[in-house]
Amino acid sequence: RIVYVNGQYLPEAEATISIFDRGFLMADGVYEVTSVLDGKLVDFAGHQVRLARSLGELDIAAPCSDGELLAIHRELVARNDLTDGMIYLQVTRGNPGDRDFAFPDPATTKPTLVLFTQSKPGMADSPASKTGIKVISIEDIRWGRRDIKTVQLLYPSMGKMMAKKAGADDAWMVEEGHVTEGTSNNAYIVKNGRIITRQLSHEILHGITRAAVLRFAAEAQMEVEERPFTIAEAMAADEAFFTSASAFVMPVVEIDGAVLGNGKPGPVARRLREIYLDESRKTAV
Ligand code: PMP
């Protein structure tokens, strides 16, 4: 695999960053994951805008221009012959000096930029999307700025492990009695044809897939309500699903052991997945 590190395309074994990088020492960095379908980038503009926002919130300088970022993504797709899969991008604050809690001056600190590809042949027809997946609920104990896409992913990783241990696939996190989001996705339920998903705030990541799916739902005259929902409500829902750039629209068929509907992916989730994939292929760059 050829990866990108700070201006260079290198075989993965030759790519290195400093052990003093604040991304490594302090999780001081942000990331994006962009899907690639048929060799093209899905929702690229959305990821670019969110990256700029995450960097701005943390006062990390942009590592390069938007045009350069697109060129790097395309170059990695080409050099790795990537058809279906994703591109992971990470920007960390770098670090010109010693370990210190205070940030180095953003004006004179060069951020670290790393990108790599992951091939996922047939990702648009994943088996999980046909059967649906199971989630458990866990408490949300993450920090209060989940709208910034930081690389602090330890608790979501632990949540995923808790799910696996419980024989499920993923965990939905609950704060003050209401679902915030999944470990790496935005959560939805459907009741009487109405799609319910938590409104945007500092409590959740502003999913790029969420924005697209809600737009398609509105265009298809589906009813959408943006508000928090409880696990009890989710267990009694007609169907549920989640969205993320790498899983698209994923049906959820079981929540904390309660089977939803007939235990198969519901019609709303299936339809939204189909629309999302169709439209994404059309607008991919
Ligand atoms: N919430 C969290 C916590 C996530 O990690 C992700 C994906 N990284 C999402 C939601 C979904 O966002 P997107 O649709 O932009 O991938």
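Quick note: structure is the one above.
From a predicted model like this one, the values you see are computed outputs, not experimental measurements. (Residues numbered from 1 in each chain as written. Predicted model: local features only at pLDDT ≥ 70, side-chain atom pairs only at ≥ 80, totals over all residues. Heavy atoms only, no water.)

K.L.:
Tell me about unusual backbone geometry, and name the residues and values.
P.N.:
Phi is mostly negative for residues that are not glycine, and the peptide bonds are mostly trans. Of note in the backbone geometry, Asp43 takes a positive phi value of approximately 55° without being a glycine. Relative to the helices and strands, Asp43 resides in the loop between strand S4 (40-41) and helix H2 (44-58). With phi around 60°, Phe248 is a residue other than glycine that occupies positive phi space. Among the secondary structure elements, Phe248 is positioned in strand S14 (residues 248-255). Using a relative accessible area of 0% as the deciding quantity, one classes Phe248 as buried. (Helix = DSSP H or I, 4+ residues; strand = E, 2+ residues; numbered from the N terminus. Buried < 20%, exposed > 50% of the residue type's maximum accessible area, 1.4 Å probe, protein only.)

K.L.:
Could you give me a rundown of the site of the ligand, with the residues and numbers involved?
P.N.:
In the vicinity of the ligand lie 17 residues, with Arg50, Lys149, Glu181, Ile208 and Thr209 positioned nearest. Within the contact set of the ligand, an oxygen atom lies 2.7 Å away from a side-chain nitrogen or oxygen of Arg50. Residue Ile208 places a main-chain N or O atom 2.8 Å away from an oxygen atom belonging to the ligand. For the ligand, whose unbound accessible area comes to 390 Å², protein coverage reaches 92%. Among the secondary structure elements, those contributing two or more residues to the shell around the ligand are strand S9 (178-182), helix H6 (208-219) and strand S13 (239-244). Broken down by class, the residue content of the shell around the ligand amounts to 4 nonpolar, 9 polar and 4 charged. (Near = heavy atom within 4 Å. Polar contact = N/O pair within 3.5 Å; in protein donor to acceptor, adjacent residues only side chain to side chain. Areas by Shrake-Rupley, 256 points an atom, 1.4 Å probe, with all protein chains shown as cover. Nonpolar A, V, L, I, M, F, W, Y, C, P; charged D, E, K, R; others polar.)

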